[in-house]
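# Notes for the structure review
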Amino acid sequence: MTDSITLNKQIPDTAEKVFTGKFFSIYHWPQELYDGSVVTFERARRPDSAGVIAITKNKKILVTRQEQPSHKPFWGLFGGVVDAGETPEQAAKRELLEEGGYHADRWSPWFSFHPSTRIDWMIHAFVAYNVKKIQEPQPEPGEKIAVHAVSFEDFLELVQQDDFRDQEVAMQLMKAMLNPEKMEAIQRLFFENRA
């Protein structure tokens, strides 16, 4: 999984950092076009993210109902920013523990993708198996999080709602709804690979 970060690098090593913010940095570099002309390309960079499909021993999926300043309440998964020095899987484990107080017996990568062509940023999705609560949650001060356990069928309905925040997870599942083979593969990943 971590190799995908370097394999899909969207900003060349020769780019110049022209702005450093608290979360985003902006880079410029000269780019030759197909007609031989050269223009300045610009791209932002931000830390990667990790999200978790958390599945209990009785095959329930844990979802969150969250409130954050300047956002309307939303449904989503456990997850957040990959901190410096962390792998995406380490970040996923930390977020599951911090936001829900949960630990998982086993983990499996699901997918990684670039959500934007203008931002050098990857989102990594993991499946956590046999999750169990081991401590009280410790969310960040700007987070209010309620955890709900839902069936797979209810999860499929939930991801179709406008206020479900993890849009790529929703997209993967909605595409699978149109393709029985993909849906079977997702159900195997979620529920049969738990040993």
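Look up: the structure comes first, before these words.
Since the structure is predicted, the reported quantities are computational estimates derived from the model, not experimental observations.

## A word on the layout of surface pockets
Taken as a whole, the largest pocket encloses approximately 920 Å³ of empty space. Around the largest pocket sit 34 residues that line it, and S49, G80, W121, R165 and D166 are the ones nearest its centre. Of all the secondary-structure elements, those providing two or more residues to the lining of the largest pocket are β4 (49-55), β6 (74-76), β7 (78-81), α2 (88-100), β9 (106-113), β11 (123-129) and α4 (167-177). Of the residues forming the lining of the largest pocket, the biggest block, four residues, is contributed by β7. When its residues are assigned to classes, the lining of the largest pocket shows 15 nonpolar, eleven polar and eight charged.

## Some words on a nonpolar patch on the surface
Judged by side-chain polarity, M174, M177 and L178 come together as a nonpolar surface patch covering roughly 300 Å² of accessible area. Topologically, M177 is positioned in helix α4. What makes M177 partly exposed here is its relative accessible area of 34%.

## A few points about the pattern of salt bridges
Applying the stated criterion across every chain yields a total of seven salt bridges. In this structure, R94 engages E86 in a salt bridge whose closest nitrogen and oxygen atoms are separated by 2.7 Å. A salt bridge links R94 to E95, with the nearest nitrogen and oxygen atoms 3.1 Å apart. In this structure, R94 and E95 share a single accessibility class: buried. One continuous salt-bridge network, built from bridges that share partners, spans D83, E86, R94, E95 and E98.

## A look at the packing of aromatic side chains
In the structure shown here, the tally under the stated rule is ten aromatic pairs. Note on W110 and F111: the rings are 4.8 Å apart at their centroids and 70 degrees apart in plane angle, and the pair reads as edge-to-face. In this structure, W110 and F111 share a single accessibility class: buried. Geometrically, the ring pair formed by F152 and F191 is edge-to-face, given 5.5 Å between the ring centres and 90 degrees between the ring planes. Remark: F191 occurs in helix α5 (residues 180-192) and F152 occurs in helix α3 (residues 152-158); sequence separation between them is 39 residues. Residue F191 is classed as buried on the basis of its relative accessible area, which comes to 12%. One aromatic cluster in this structure is built from W110, F111, F113, F152, F190 and F191.

## Some points on the sheet that holds strand β1 (residues 16-20)
With respect to topology, four strands assemble into an open sheet ordered β1-β2-β3-β10, the strand pairing being mixed. Every interior strand has two partners, whereas the edge strands, β1 and β10 (119-120), have only one. Bridge count between strand β3 (residues 38-45) and β10: two bridges; the pairing is parallel. Bridge pairing links A44 to I119 in β10.

## Here we look at the environment of A15
With respect to the helices and strands, the residue A15 is situated in the loop between α1 (3-7) and β1. C-alpha of A15 to C-alpha of F190: the two residues are 175 residues apart in sequence and 41 Å apart in space. Once residues within four sequence positions are removed from consideration, A15 is found in contact with Y27, H28 and W29.

## Quick look at the side chain of S25
Take S25: it is sitting in strand β2 (residues 25-32). Residue classification places S25 among the buried positions, given a relative accessible area of 12%. Beyond its immediate chain neighbours, meaning those up to four positions away, S25 contacts K17, F19, T20, R43, A44 and R45.

## Side note on unusual backbone geometry
The backbone phi angle of S70 is positive, close to 70 degrees, even though this residue is not glycine. When you line up the elements, S70 lands in the loop between β5 (61-67) and β6. If you check the backbone angles, N130 has positive phi at about 55 degrees while not being a glycine. Within the secondary structure layout, N130 lies in the loop between β11 and β12 (132-133). Classification of N130 by relative accessible area gives buried; the value is 11%.

About the cut-offs
Residues numbered from 1 in each chain as written. Predicted model: local features only at pLDDT ≥ 70, side-chain atom pairs only at ≥ 80, totals over all residues. Heavy atoms only, no water. 1 Å grid on protein atoms, 1.4 Å probe; cavity = no way out; pocket = protein on both sides within 12 Å on 5 of 7 lines; lining within 4 Å. Points joined across faces, edges and corners; volume = space filled by probe spheres on them. Helix = DSSP H or I, 4+ residues; strand = E, 2+ residues; numbered from the N terminus. Nonpolar A, V, L, I, M, F, W, Y, C, P; charged D, E, K, R; others polar. Patch = residues over 30% accessible without salt bridge, like charges linked within 9 Å, V, L, I, M, F, W, Y side chains within 5 Å. Areas by Shrake-Rupley, 256 points an atom, 1.4 Å probe, with all protein chains shown as cover. Salt bridge = Lys/Arg side-chain N within 4 Å of Asp/Glu carboxyl O. Buried < 20%, exposed > 50% of the residue type's maximum accessible area, 1.4 Å probe, protein only. Phe/Tyr/Trp six-rings, centres within 6.5 Å; stacked < 30°, edge-to-face > 60°. Pairing = 2+ DSSP bridges. Contact = heavy atoms within 4.5 Å.

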